[in-house]
Amino acid sequence: MSASRFLVLVCAGSFAITAVRAGESDGKTTPTTEEQTEEYKNWIELAIGGVITSGDRAQFEQEHRLPGDQVYGGIQDLHFEGTFDKNGVFSVDGHALWDFNDYDITVQLAKPNLGYIKAGYTEFRSWYDGNGGFFPHNDVFFSPTFPEMHIDRGEAWIELGLRVPDWPEITIRYTHEFRDGQKDSTIWGDTNLTGLPVNPTRKIVPAFRDIDETRDIFAFDALKTFGNTDVNLGMRYEHSTIDDSLNLERGAGQLPPVVPPPGAQRFITQRDINDLDLFSGHAITETRISDRLWFTAGYSYTTLSSDIGGSRVVGTHFDAEFGEPVPTLQPFDHGFINLAGISQVAEHIFNANVLWMPLKDLSVLTAFRYTHDDRESDSTFLATDAFINLPPFTPNNPEGGAHPTTPVPVAANASVDYNRFGQRLELRYTGIDNWLFYFEGDWEEEFGTRIEHQSAAEEVGFELLDLNEDNSLLAQKYVAGVNWYPMMRLNISAQYFHKIASYDNTIHSAIHQRMLNEDWNTDDLNFRITFRPKIPACLGTLALVTRYDFVHTSINSQWFVPESEPLNEVESGEIKQHVISEAVTWNPLARFFLQANVSYVLNQTDTPANNIDLVPNTSPTVVNFRNDYWTVTSGVGYIIDDKTDFYTDFSFYCANDHFKNAGVAVPYGLGATEYTASATITRQLAKQMRLLLRYGYVDYRDVTSGGHNNYQAHSLYSGLQVRF
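Residues numbered from 1 in each chain as written. Predicted model: local features only at pLDDT ≥ 70, side-chain atom pairs only at ≥ 80, totals over all residues. Heavy atoms only, no water.

A closer look at the pairing of strand β23 (residues 541-560)
Worth spelling out the cut-off: We treat two strands as partners when DSSP finds at least two bridges between them. Going along the chain from the N terminus, every DSSP run of H or I of four or more residues is numbered as a helix, and every run of E of two or more is numbered as a strand.
Where strand β22 (residues 514-531) lies against β23, 17 bridges are found, and the strand directions are antiparallel. Bridged to Phe527 within β23 is Tyr548. Of the pairings in the sheet, the one linking β23 to strand β24 (residues 570-589) comprises 17 bridges and is antiparallel in character. Note on β24: the bridge partner recorded for Val545 is Ala583.

Okay, here's the thing in structure tokens:
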């Protein structure tokens, strides 16, 4: 356990002991009566739990954010408050769980008509499963370098607030944030041990990222009211340092002499280094012209500068140094070293809003936003490549292998300049009894220029990159809806949503194919019925919520081809989605209730690529895609007596869309089922003390991973809350 985590645990424990002692008698007897009810403002909840897993423990940890096969516990929740100097308030809130890396503590001192000072520390852990892909053709699966990974995130902060009458409200805050650890990556390495006679290479080999990031933030805000106008001024400064790396394998599993070069394993480490400074300032005003007319306006300016660095090195192991002998190096093993560059970003945002209520039953909201975004970047690096080995052959110069060439300098630069305009209109009308009508409209226009250039280094596989294009976007969104309350027990809502997004690019020069035009049209129609039917009193109460949602999206695209006429515009995709759900709540008795929710999603994406076979393949690489799944959840609660409650729940998830297209592509589509169940009982042990016991069970089966992500888990948890 690190020093910072130990300090948090000790502090939280110390406050807990102090809090419990604060509730003890000082030896004096205070007369009480049964009619007197004492309000307990403070509490502490002690917890202990654990999980027993079988199967892929890392997958369980990633999905449920709990550590597997170990005991955890500590202070689940703590609140203590007291007074000082007559009307000052002192408070402590937090929790600290060992072997969970879940810590949080906030300490605050507040004085009315003066201000406050508070500080805190927070840390929590996210788990990741290092598994990569599974190839069903011959059951190929590569165990990850690190099966179980995690990232710890946290922040330490302090905030001062000045709250003196007739003075501006001033808030100053400093925060130090960090992110450290390892996580899986969806950029996978490759192997050709797939058993396929044609195009055997597939990217299914697991990869991971090393994460080391910190950020320091200083923020200042001042708020003051002048008559009927509130004015807020603020600024923010950030300094970030990033030192991350992507680690992946090429030619995985192909180790000499089983598979001699070419086709041998090598390791790639790509480091990304960024040192960033950001400054932003804002001014916001809110004016209440009358009870029926409000006006708000705001402006913000942000500037960002960053220094970048990094490398991509091929070696016999991760984190290899450039220049180390790599006998298994292959031709076209590109890389780079000594990356150095800078980038500058400047952004201006202005917005204005008017809220007007011309009638008692009608409200109108209008809004306008303008954004100007300007970016400039320049970088240089040394590009590396590999050339086939020539005789005489040696262990460090094997036949069929390759050797690194002399690095070649490459320069790149880019500039982006965008102007964006946004408008919004909202109308709400309640002038008809039991009816609510509303309309919303959003419009967005964007115009900009993008220029990118990279000098050629063809001898090491880096070609000339040249792009000069003008971009434009026109987006429209319309929402119309109605809520109807025909009776106290019935509520009906309906809504229609339509969105258009048109991207148009004027390409002045480009080396590769690029999107020229693309149009998205989305229609969404949904309704909801909430019904509480009147049933015999002996059957209790019943509530039903029925919802149906239909979404249709069509995508039309046109591509630019260098030195050729643009391709014809085609419908490149069509998405249809139906969502049907039903929720039932039944209270047959005052102390007994049942809840159930069932939803079914049908989602299909059609593409014309489904009719294209890429030679020598005899079936399409890209096929129509389905994403259908069931979700069922239910819960039962029962008050056993005035001191004991019982609750149990169950959930089921099923997706059966795994498509084995292994012969021509990596299989895709999810095929999985998950069952979860839990039972919880709480017991009031004393007036100030409550005990909670919970058992949980999870069963997960994943066809997509060939069963390698399957797991079962049993969890136990107990919490004891003491109020004082």
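Overview of helix α2 (residues 57-64)
Counted only if it meets this: Relative accessible area decides the class of each residue, using a 1.4 Å probe on protein chains only: under 20% of the type maximum gives buried, over 50% gives exposed, and in between gives partly exposed. Throughout, a contact is declared for two residues whenever any of their heavy atoms are within 4.5 Å.
Burial in α2 covers these residues: Ala58, Gln59, Phe60 and Glu61. Residues of α2 that are buried in the fold lie against β1 (43-55), β5 (115-129), β8 (148-162), β30 (689-702) and β31 (711-723). Directly after α2, the chain includes Arg65, whose backbone phi takes a positive value near 55°.

Thoughts on the pattern of salt bridges
Note the threshold: Whenever Lys or Arg places a side-chain nitrogen within 4 Å of a carboxyl oxygen from Asp or Glu, that contact is recorded as a salt bridge.
Tallying each qualifying case throughout the model produces 28 salt bridges. As a salt-bridge pair, Arg626 and Asp628 come within 2.7 Å of each other at their nearest N and O atoms. Note on Arg626: relative accessible area 33%, which makes it partly exposed. Connected through shared salt-bridge partners, Glu177, Arg215, Arg236 and Glu238 make up one network.

Quick look at unusual backbone geometry
Backbone torsion omega between Pro391 and Pro392 reads 0°, so that peptide bond is classified as cis. Residue position: Pro392 is located in the loop between β16 (386-388) and β17 (402-404). With a phi close to 70°, Lys86 is a non-glycine residue in the positive phi region. Although it is not a glycine, Asp319 sits at a positive phi angle of roughly 60°. With respect to the helices and strands, the residue Asp319 is situated in the loop between β13 (293-315) and β14 (335-359).

Here we look at the packing of aromatic side chains
What counts, and what does not: Stacked, edge-to-face and tilted are the three classes for Phe, Tyr and Trp ring pairs, Trp counted by its six-membered ring, which pair at centre distances within 6.5 Å; planes under 30 degrees apart are stacked, over 60 edge-to-face, the rest tilted.
Under the counting rule described, the total for this entry stands at 19 aromatic pairs. On the basis of an interplanar angle of 80° and a centroid distance of 4.9 Å, the ring pair of Phe267 and Phe318 is categorised as edge-to-face. With Phe267 in strand β12 (residues 266-290) and Phe318 in the loop between β13 and β14, this residue pair connects regions lying 51 residues apart in the sequence. Phe318 shares its class with Phe267; the two are buried. Ring plane angle 40° and centroid distance 5.0 Å describe the contact between Tyr370 and Phe421, whose orientation is recorded as tilted. Of the two residues, Tyr370 sits in strand β15 (residues 362-384) while Phe421 sits in strand β18 (residues 408-429), which places them 51 residues apart along the sequence.

Quick look at the layout of surface pockets
Sizing a probe to match a water molecule and rolling it over the atoms shows the empty space that remains. As a reminder of what qualifies: Grid points spaced at 1 Å and placed over the protein atoms alone form the basis of the search, with a cavity being a set where a 1.4 Å probe fits but cannot get out and a pocket an open set showing protein on both sides within 12 Å along at least five of seven lines. Lining residues have an atom within 4 Å of a point. Grid points are joined across faces, edges and corners, and a volume is the space filled by probe spheres set on the points.
The calculated volume of the largest pocket comes to roughly 480 Å³. Taken together, 24 residues line the largest pocket, and the ones lying closest to its centre are Gly132, Trp188, Asp702, Ser705 and Asn709. Broken down by secondary-structure element, the contributors of at least two residues to the lining of the largest pocket are α2, β9 (169-191) and β30. Looking at which element gives the most residues to the lining of the largest pocket, the answer is β9, with 4 residues.

Considerations on the pairing of strand β27 (residues 629-641)
Pairing analysis gives 10 bridges linking strand β25 (residues 592-606) to β27, with the strands arranged antiparallel. Counted as the bridge partner of Tyr600 is Trp630 from β27. Examined bridge by bridge, β27 and strand β28 (residues 644-656) share 12 bridges and lie antiparallel to one another. The residue bridging Tyr638 from the neighbouring strand is Phe646, located in β28. Connecting the antiparallel pair β27 and β28 is a turn made up of 2 residues.

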